[in-house]
Number of protein chains: 2
Amino acid sequence: MPKKVDHEARRQEISEALWRLASARGLEGASLRDVAAEAGISLGRLQHYFRSKDEMLLFALRHINRLAGDRIRERIEALPGEPTPREVLRACLSGMLPLDERSRVGVLVGAAYFTRAAYDETLRAEAKNGIPQLRTLFADQLRRAAERGELPPERATEDEAMLLIGMVDGLSTYVLLDVYDGRTALRMLDGHLARLFEVNGAAAGAPVAGGG
Amino acid sequence: MPKKVDHEARRQEISEALWRLASARGLEGASLRDVAAEAGISLGRLQHYFRSKDEMLLFALRHINRLAGDRIRERIEALPGEPTPREVLRACLSGMLPLDERSRVGVLVGAAYFTRAAYDETLRAEAKNGIPQLRTLFADQLRRAAERGELPPERATEDEAMLLIGMVDGLSTYVLLDVYDGRTALRMLDGHLARLFEVNGAAAGAPVAGGG
DNA sequence: ACTTTCACAAGTCGCTTGTACCGTTATAAC
DNA sequence: GTTATAACGGTACAAGCGACTTGTGAAAGT
């Protein structure tokens, strides 16, 4: 038997090259030759690791979804001490906004995939994948906040959790379109959270200062 | 001089063929030949009305934006009697959701353009175009509601208006992804409006029943 | 009647695309 | 040392792309 190569690692490298191109020129603007060139390998080699373009796109989508999940989890664990539900929520939501280069690429790639997912059933199934998890995570935090008296109980719903996800998505959209910048989006997010966590007209939960 | 043809009308017909394809297969899946076939004309004729593909895409974007604006205005005017600010807001916002086939195509096309706009400056400038108008319209309604005592004054801000736009955008995204359906999105939108229009823990403004 | 010019249809051009396939090298097993 | 096979690099190919050119018929102006 000849030498063995870590296929998973090679595939991830190629995926990352694809993301760089997709965030700069869109998914359709990234041909196999372009991706190979960006990854610094030959077209033949790329084809050795992905039998077709669709296979590459699907792998890259799964990979970026996995990284996005890791990122969320990292941000939660990075919170100091015993974080309040509100702090957890803010960390997750602000982590989904395109505030730095890394998350900007992530959101751009996600948008590119979304457009395809709208008419590609395979991609759509994959893109929807993480949403229920995220909704559950957020709903859990809302319930926890309600138990602590930091949130009116009637606001601790799955709908509210879903609304939060949708809102961050909408904010991200307009940041990418340069309608406003990341700081403004963050301010609007904080405004929404502040009103969400209002109990009898007063702020509740731990307000958080600064940071992305 | 030979016979004269209404160029504007021809261009609109071609644009509509493009939308049908774009909503079904995405913008990149619509070649000039495909659009011509969908419009039932020859490639040569299409090129007679659009010198380049970019010109066609730009015209179609402007056209769909104009129709979207018309739709909003129609919905406001269709409201019976002297509509409250809340009724106006709900009519506009629900009109932006992909609830029927027409608006579904509109949102799909908008999404396809958005993906391109992320890395195409010309399209981005055009796509941003209607936003400030919409924000102003919404902010005006919020202020009017605050004056009528139906909304706490501190919520009558430009940020709140922008947040509404972003939220509908996010909801639309997930409707297209089949995460939930249009009715659910509408329920979530109504939930948000209900809380927005809460004064001292009680509902204010005119609650609206049913309808899209 | 003649000319001009619009409104097309059809074909061609150079280029890029995804995919298939061939040839070569290197390495591990026997 | 032979063989089998993973790991490539390189090339060829059919299809499709946008852009461009050419040809034709007809109607309006003179």
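The structure we're discussing is the one just above.
Structure report, in brief. Only a predicted model underlies this, so the values are computations on that prediction, with no experimental measurement involved.

Quick look at the overall build of chain A now. Helices and strands together make up the secondary structure of chain A, namely 10 helices and two strands. In chain A, the succession of α and β elements from N to C terminus is α-α-α-α-α-α-α-α-α-α-β-β. Expressed along its principal axes, the backbone C-alpha trace of chain A runs to roughly 70 × 40 × 30 Å. Burial status across chain A gives 49% buried among its 212 residues. Long-range contacts, defined here as pairs at least 24 residues apart, represent 68% of the contacts in chain A between residues at least 6 apart.

Considering all chains together, one arrives at three cavities of 30 Å³ or more under this definition. What the largest cavity holds in volume is close to 80 Å³. Of all the secondary structure elements, the ones that give two or more residues to the lining of the largest cavity are helix 6 (101–117) of chain A together with helix 6 (101–117) of chain B. Looking at the lining of the largest cavity element by element, the count peaks at three residues for helix 6 of chain A. Here the residues of the lining of the largest cavity are counted per class, giving six nonpolar, four polar and three charged.

All names here are of chain B. Summarising the element assignment, Ala-17 is placed in helix 1 (residues 7–25). Residues Ala-17 and Ala-36 lie 19 residues apart in sequence; the distance between their C-alpha atoms is 7.9 Å. When residues no more than four places from it in sequence are discounted, the contact partners of Ala-17 are Val-35, Glu-38 and Ala-39.

As a further point, take the interface of chain B and chain A. Taken together, the 39 residues of chain B in the interface contact 39 residues of chain A. Here chain B meets chain A over a buried area of about 3800 Å², counting both sides, of which 66% is carbon and sulfur. Ranking the residues of chain B by area buried against chain A places B:Phe114, B:Leu177 and B:Arg195 at the top, with a combined share of 18%. Connecting chain B to chain A are seven salt bridges. The partner of B:Arg195 in a salt bridge is A:Glu160, with the nearest N and O atoms 2.7 Å apart. Between chain B and chain A we count 10 residue pairs in polar contact (both at pLDDT 80 or more) in total. The residue inventory of the side of chain B that touches chain A, partitioned by class, reads 21 nonpolar, six polar and 12 charged.

Taken as a whole and assessed by the stated rule, the structure comprises 33 salt bridges over all chains. Here A:Glu28 makes a salt bridge to A:Arg116, at a shortest N to O gap of 2.9 Å. Here A:Arg116 lies in helix 6 and A:Glu28 lies in the loop between helix 1 (7–25) and helix 2 (32–39), a separation of 88 residues in the sequence. The class of A:Glu28 is partly exposed, set by a relative accessible area of 28%. Of the residues examined, A:Arg116 reaches a relative accessible area of 17% and is grouped as buried. In this structure, A:Arg155 and B:Glu198 form a salt bridge, with 4.0 Å as the shortest nitrogen-oxygen distance. Within this pair, whereas A:Arg155 is found in the loop between helix 8 (131–147) and helix 9 (158–176), its partner B:Glu198 is found in strand 1 (residues 198–199), the two belonging to separate chains. Accessibility expressed as a relative area gives 10% for A:Arg155, which makes it buried. The partly exposed category is assigned to B:Glu198, whose relative accessible area is 23%.

Before going further, it helps to spend a moment on helix 6 of chain A. Side chains three or four residues apart in an α-helix point the same way, a direct result of the helix having 3.6 residues per turn. All names here are of chain A. Taking 1.5 Å per residue, 17 residues should reach 24 Å; helix 6 reaches 24 Å between its end C-alpha atoms and fits that length. The buried fraction of helix 6 amounts to 12 of the 17 residues, a majority that puts the element mostly inside the structure. If you check which residues of helix 6 are buried, you get Ser-103, Val-105, Val-107, Leu-108, Val-109, Ala-111, Ala-112, Tyr-113, Phe-114, Thr-115, Arg-116 and Ala-117.

Bringing the relation of the copies chain B and chain A into the picture now. When chain B is fitted to chain A, the best match, at an RMSD of 0.1 Å, comes from turning it 180° and sliding it 0.0 Å along the axis. What the superposition gives is, in effect, a two-fold axis relating one chain to the other. A shared interface surface links the copies, since 100% of the contact residues of chain B are contact residues in chain A too.

A:Phe138 and B:Phe138 are the most contacted members of the largest nonpolar core, which has 137 residues in total. Discounting residues that sit within four places of it in the chain, B:Phe138 has contacts with B:Leu89, B:Cys92, B:Leu93, B:Met96, B:Ala161, B:Leu164 and B:Ile165.

So, on to unusual backbone geometry. All names here are of chain A. Of note, Asp-178 is a non-glycine position whose phi angle comes to about 65°, a positive value. Tracing the chain through its elements places Asp-178 in the loop between helix 9 and helix 10 (182–196). With relative accessibility at 48%, the residue Asp-178 sits in the partly exposed group.

Rules of the game
- Per chain, residue numbering runs from 1 following the sequence as it is written.
- Following the order in which they are written, the chains are lettered starting with A and the ligands numbered starting with 1.
- With the structure being a predicted model, the display of local features is reserved for residues of pLDDT at least 70 and the display and counting of side-chain atom pairs for 80 or more, all residues being used for whole-chain, interface and lining totals.
- Values shown for side chains rest on all heavy atoms present in the structure; no hydrogens or waters enter the calculation.
- Numbering of helices and strands runs from the N terminus; a helix is a DSSP stretch of H or I covering at least four residues, while a strand is a stretch of E covering at least two.
- Relative accessibility thresholds used throughout: buried, under 20% of the residue-type maximum; exposed, over 50%; partly exposed, between the two (1.4 Å probe, protein chains only).
- Here, two residues are considered to be in contact whenever any of their heavy atoms come within 4.5 Å of each other.
- Computed over the protein atoms alone on a 1 Å grid, cavities are sets of points where a 1.4 Å probe fits but cannot get out and pockets are open sets with protein on both sides within 12 Å along at least five of seven lines; a residue lines them when it has an atom within 4 Å of a point.
- Grid points are joined across faces, edges and corners, and a volume is the space filled by probe spheres set on the points.
- The residue classification treats Ala, Val, Leu, Ile, Met, Phe, Trp, Tyr, Cys and Pro as nonpolar and Asp, Glu, Lys and Arg as charged. All others, Gly included, are polar.
- Accessible-area loss on putting two parts together, using a 1.4 Å probe and summing over both, is the definition of buried area adopted here.
- Salt-bridge detection follows one rule: a side-chain nitrogen of Lys or Arg within 4 Å of a carboxyl oxygen of Asp or Glu.
- Whenever a nitrogen or oxygen atom comes within 3.5 Å of another N or O atom, the pair is scored as a polar contact, on the condition that within protein one atom can donate a hydrogen and the other can accept it, and that pairs from neighbouring residues in sequence are kept only if both atoms are in side chains.
- How far a helix is expected to stretch is found by multiplying one less than its residue total by 1.5 Å.
- The superposition of copies rests on a least-squares fit of C-alpha positions from residues with pLDDT of 70 or more in both.
- For the purposes of this section, nonpolar cores are sets of buried Ala, Val, Leu, Ile, Met, Phe, Trp, Tyr and Cys residues that join through side-chain atoms within 4.5 Å.

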